[in-house]
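The primary structure of each chain is shown beneath.
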Amino acid sequence: MKKNHLFSFVAASLIGTTCIQCTSPKNNKVAESLPQESELFMKLPDYCPTPDGMAIAPNGDLILACPNFADITQPACLMRITKDGNISKWLDVPVLEETGWASPMGLAFNEEGDLFISDNQGWSGAEKAKNKGRILRLKFENDQLKETITVASGLEHPNGIRIRNGKLYVTQSSLSQIKDPSGLLVSGVYCFDMNDRDIVVTNTNEDKNLITAVVTKNPEVQYGLDGIVFDEAGDLFVGNFGDGAIHRIKMDAEGKVLSNDVWAQDTTQLRTTDGMCIDDKGNIWVADFSANAVARVDKTGKIQRMAQSPDSDGSKGELDQPGEPIVWNGQVIVSCFDLVTGPDKVNTKHDKPFTLAKLSLEE
């Protein structure tokens, strides 16, 4: 009964608030003139059915978050991938006692080698996980977990995470308690000090850590801020998933937000903005979750779809509902979430194999 219950609420979440609704009729046709075709980087073990966020460890290994929403009987874990292609489980993410699970999505290391995790408990859609999201800090000694610190708790939908100048910047993809006059979804960016502990947020405008908020204007796709990157100048870029838009947020030296404007938007090239990364040339790479595509945005804000795949099982390296890209070892590695379906999604089902795809940094 317990197993059936766990699967039932995940299934319900995929047709409820977690499932991102349609904007256009189903279309599995893929343009033939795109610069690249993705290739298979790696097949993942059976206990990694929904790979998501990634970060590069201090020793250069690639760390992959597996929240395992497709099979929550599998412990949410972090995988380690070495430069020679070996993959192994690093650790199971410490669970929240109240819910009995963890949901790691965004990852970021600081200079000391501590790992910060967005534990998005609310993605499951389970009532007992509502507003139970956490920001965790994992401290290590000789590559073994030494201490788990809760930086913040009570978050509705923490997602992407980045570190800059001793601060943690976290996207919250949904802030349902903040009501916009339009009735449309509000989401935002939270900022915490890297050394904060046990901050409890309310997911309202009363939170001092909420530094800026946006409204997702597309009524058909009510899912908000997701991917997040900084450029060399210190400007913060965040993706508004439902609008397929990238916002540029400018801040002063003290971190106060000076402006938050749509910087790049072209739905013919980028329909939804999931995870993002930035390369050494300042190009931002974006996972287009609904379109099975990856786009690149140059420093002027011009968006170009780089690769796109039809519905598939990903076994040949297709983009099987890409969740996040990362620049690693001279290429762009892309996690394939392969779970959410709907009229707007190229993806039609969750199936094996569970994969990471890859693209070239150059056209």
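Summarised in this report is the structure supplied together with it. (Residues numbered from 1 in each chain as written. Predicted model: local features only at pLDDT ≥ 70, side-chain atom pairs only at ≥ 80, totals over all residues. Heavy atoms only, no water.)

## Considerations on the overall build of the chain
Which entries qualify depends on this criterion: Helix and strand labels come from DSSP, where a helix needs a run of H or I of at least four residues and a strand needs a run of E of at least two; each type is numbered from the N terminus. Here the radius of gyration uses the C-alpha set of atoms, whereas the globule reference equals 2.2 Å times the residue count to the power 0.38. Contact between two residues is taken to exist if any of their heavy atoms lie within 4.5 Å; hydrogens are not considered. Areas reported here follow the Shrake-Rupley algorithm with a probe of radius 1.4 Å; residue values treat only the protein chains shown as occluding.
The number of helices and strands found in the chain is 1 helix and 25 strands. Computed over the C-alpha atoms, the radius of gyration of the chain is 19 Å, within 12% of the 21 Å expected from 2.2 N^0.38 for a compact globule of 363 residues. Projected onto the principal axes, the alpha-carbon positions of the chain cover approximately 50 × 45 × 40 Å. Contacts in the chain between residues at least 24 apart in sequence constitute 56% of all its contacts with a sequence separation of at least 6. Summed over its atoms, the accessible surface of the chain is roughly 15200 Å², and 47% of this surface lies on carbon and sulfur atoms.

## Side note on the pairing of strand β16 (residues 236-240)
Regular strands have side chains that alternate between both faces of the sheet. Defined as follows: For every residue, the accessible area obtained with a 1.4 Å probe (protein chains only) is divided by the maximum for its type, and the residue is called buried under 20%, exposed over 50%, and partly exposed between those limits. We call two strands paired when DSSP finds no fewer than two bridges between them.
Here β16 lies mainly inside the structure; 5 of its 5 residues are buried. Of the two faces of β16, the one carrying Leu 236, Val 238 and Asn 240 and the one carrying Phe 237 and Gly 239 are both buried. Where strand β15 (residues 225-230) meets β16, 4 bridges bridge the pair, whose relative direction is antiparallel. When the sheet's bridge partners are listed, Ile 228 is paired in β16 with Val 238. Sheet topology note: the β16/strand β17 (residues 245-251) ladder contains 5 bridges and is antiparallel. Bridge pairing in β17 places Phe 237 opposite Arg 248. Between β16 and the antiparallel strand that follows it, β17, lie 4 residues; Gly 244 among them carries a positive phi value of about 60°.

## Details of the sheet that holds strand β23 (residues 322-328)
Defined as follows: Axis lines are fitted to C-alpha atoms, over the contacting stretch for helices. Their N-to-C directions set the angle, which ranges from 0 to 180 degrees.
Judged by pairing direction, the sheet is antiparallel, and its 4 strands sit side by side in the order β1-β25-β24-β23 without closing on themselves. Each having just a single partner strand, β1 (39-44) and β23 make up the two edges of the open sheet. Neighbour-to-neighbour, the strand axes of this sheet turn through a mean angle of 25°, independent of strand direction. Where β23 meets strand β24 (residues 331-336), 6 bridges bridge the pair, whose relative direction is antiparallel.

## Looking at the environment of Tyr 47
Relative to the assigned elements, Tyr 47 resides in the loop between β1 and β2 (54-56). Sequence spacing of Tyr 47 and Asp 71 is 24 residues, and the spatial spacing of their C-alpha atoms is 8.3 Å. Ignoring any residue separated from it by four or fewer positions in sequence, one finds Tyr 47 in contact with Asn 68, Gln 74, Cys 77, Met 79 and Lys 89.

## Here we look at unusual backbone geometry
Cis peptide bonds are those with omega within 30 degrees of zero, and the linkage from Lys 352 to Pro 353 qualifies with 0°. As for its position among the elements, Pro 353 is in the loop between β24 and β25 (354-360). At Asp 143, a residue that is not glycine, the phi angle is positive and equals roughly 70°. With respect to the secondary-structure elements, Asp 143 resides in the loop between β8 (133-141) and β9 (144-155). If you check the backbone angles, Asp 198 has positive phi at about 55° while not being a glycine. By secondary structure assignment, the location of Asp 198 is in the loop between β12 (186-193) and β13 (199-200). For Asp 198, a relative accessible area of 57% puts it in the exposed group.

## Quick look at the packing of aromatic side chains
Selection rule: For Phe, Tyr and Trp, where Trp contributes only its six-membered ring, two rings pair if their centres lie within 6.5 Å, and the inter-plane angle classes them as stacked under 30 degrees, edge-to-face over 60, or tilted in between. When the NZ atom of lysine or the CZ atom of arginine is within 6 Å of a ring's centre and also within 35 degrees of its normal, the charge is said to sit over that ring.
All chains considered together, the criterion is met by 12 aromatic pairs. On the basis of an interplanar angle of 55° and a centroid distance of 6.3 Å, the ring pair of Phe 69 and Phe 337 is categorised as tilted. Highlighted residues: Phe 69 in the loop between β3 (62-66) and β4 (77-81) and Phe 337 in the loop between β24 and β25, separated in sequence by 268 residues. Considered together, Phe 69 and Phe 337 belong to a single accessibility category, that of buried residues. On the numbers, 5.8 Å between centres and 65° between planes, the contact of Phe 241 with Phe 289 is edge-to-face. Taken together, the residues span a long stretch of sequence, with Phe 241 in the loop between β16 and β17 and Phe 289 in the loop between β20 (284-288) and β21 (293-297) at a distance of 48 residues. The rings of Phe 69, Trp 123, Tyr 223, Phe 241, Phe 289 and Phe 337 are connected pair by pair, giving a single aromatic cluster. Lying across the ring of Trp 90, Arg 80 places its NZ or CZ 4.7 Å from the centre. Directly above the aromatic system of Tyr 47 lies the positively charged group of Lys 89, at a separation of 4.9 Å from the ring centroid.

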